[in-house]
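Coordinate analysis (summary)
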Amino acid sequence: QVQLVESGGDLVQPGASLRLSCAASGLRLGTYAIGWVRQAPGKEREGVSAIKTGDGTTYYSQSVQGRFTISSDNAKNTVYLQMNNLPPEDTAFYYCAAGFPPLLALPSSYDYWGPGTQVPVSS
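Residues numbered from 1 in each chain as written. Predicted model: local features only at pLDDT ≥ 70, side-chain atom pairs only at ≥ 80, totals over all residues. Heavy atoms only, no water.

In this section: the overall build of the protein chain. Summing up its helical and strand segments, the protein chain has 0 helices and 10 strands in all. Taken from N to C terminus, the helices and strands of the protein chain fall in the order β-β-β-β-β-β-β-β-β-β. Its C-alpha atoms give the protein chain principal-axis dimensions of roughly 40 × 25 × 25 Å. Within the protein chain, buried positions represent 45% of all 123 residues. A total of about 6200 Å² of accessible surface is found on the protein chain, and carbon and sulfur atoms cover 47% of it. For the protein chain, the distance from the average position of its 8 positive side-chain charges to the average position of its 9 negative side-chain charges is 4 Å. (Helix = DSSP H or I, 4+ residues; strand = E, 2+ residues; numbered from the N terminus. Buried < 20%, exposed > 50% of the residue type's maximum accessible area, 1.4 Å probe, protein only. Areas by Shrake-Rupley, 256 points an atom, 1.4 Å probe, with all protein chains shown as cover. Lys, Arg positive; Asp, Glu negative; His and termini not counted. Charge placed at Lys NZ, Arg CZ, Asp CG, Glu CD.)

Written as structure tokens, this is what we have:
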């Protein structure tokens, strides 16, 4: 049974940094793509970053390019999302998802989802 569990969400002030983790079980990294998808209140889901854990191909949305870095530790079956210089607009629930998406950016392309972790950015 595939399980994804996010951690690291916390209330932070604007400009702060935060690292999210996605621990996977029931699947082996190195074959799957892992995506980070966020949803802010009243907004559509947005795929913000993804990584093909086999070859390291990454994707970043325009809204986070240059501020977020995704990485994968296949030995630990864990994917990380380093988020820097967070503005209030990054406030959302952040979910990690796994699958074999034809488009890394498309949230509906993923098969397995974690329960999410909340990231409020506020002073």
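What follows deals with the nonpolar core. Formed by 29 residues in total, the largest nonpolar core has its most connected members in Trp 36 and Met 83. Going through the elements one at a time, strand 2 (18-25), strand 3 (33-39), strand 4 (46-52), strand 6 (68-73), strand 7 (78-83) and strand 8 (92-99) are the ones with two or more residues in this core. For Met 83, the residues in contact, after removing those within four places along its chain, are Ala 16, Ser 17, Leu 18, Leu 20, Arg 67, Phe 68, Tyr 94 and Val 119. With 5 residues, the next largest nonpolar core counts Ala 33, Ala 50, Ala 97 and Leu 104 among its residues. (Core = buried A, V, L, I, M, F, W, Y, C linked by side-chain atoms within 4.5 Å. Contact = heavy atoms within 4.5 Å.)

In this section: the state of the cysteines. Under the criterion given, the structure shown has 1 disulfide. The residue that forms a disulfide with Cys 22 is Cys 96, at a sulfur-sulfur distance of 2.1 Å. Its S-S torsion of approximately 65 degrees makes the covalent link between Cys 22 and Cys 96 right-handed. Of this pair, Cys 22 sits in strand 2 while Cys 96 sits in strand 8, placing them 74 residues apart in sequence. Comparing Cys 22 with Cys 96, the two get one shared label, buried. (Disulfide = S-S within 2.5 Å.)

Mapped onto the elements, Pro 102 comes out in the loop between strand 8 and strand 9 (112-113). C-alpha of Pro 102 to C-alpha of Thr 53: the two residues are 49 residues apart in sequence and 14 Å apart in space.

With that settled, consider the pattern of salt bridges. Tallied over the full model, the rule gives 3 salt bridges. We note a salt bridge from Glu 46 to Arg 38, for which the minimum N-O separation is 2.9 Å. Take Glu 46: its relative accessible area is 27%, and that puts it in the partly exposed class. Residue Arg 38 is classed as buried on the basis of its relative accessible area of 7%. Across the pair Asp 90 and Arg 67 runs a salt bridge whose closest N-O atoms are separated by 2.7 Å. (Salt bridge = Lys/Arg side-chain N within 4 Å of Asp/Glu carboxyl O.)

On to the packing of aromatic side chains. Summed over all chains, the structure comprises 4 aromatic pairs. For the ring pair Tyr 95 and Trp 113, a centre distance of 6.4 Å and an interplane angle of 70 degrees mean the geometry is edge-to-face. Placement of Tyr 95 in strand 8 and of Trp 113 in strand 9 is noted, with a sequence separation of 18 residues between them. Among the aromatic side chains, those forming a connected cluster through ring pairs are Tyr 32, Phe 100 and Tyr 112. (Phe/Tyr/Trp six-rings, centres within 6.5 Å; stacked < 30°, edge-to-face > 60°.)

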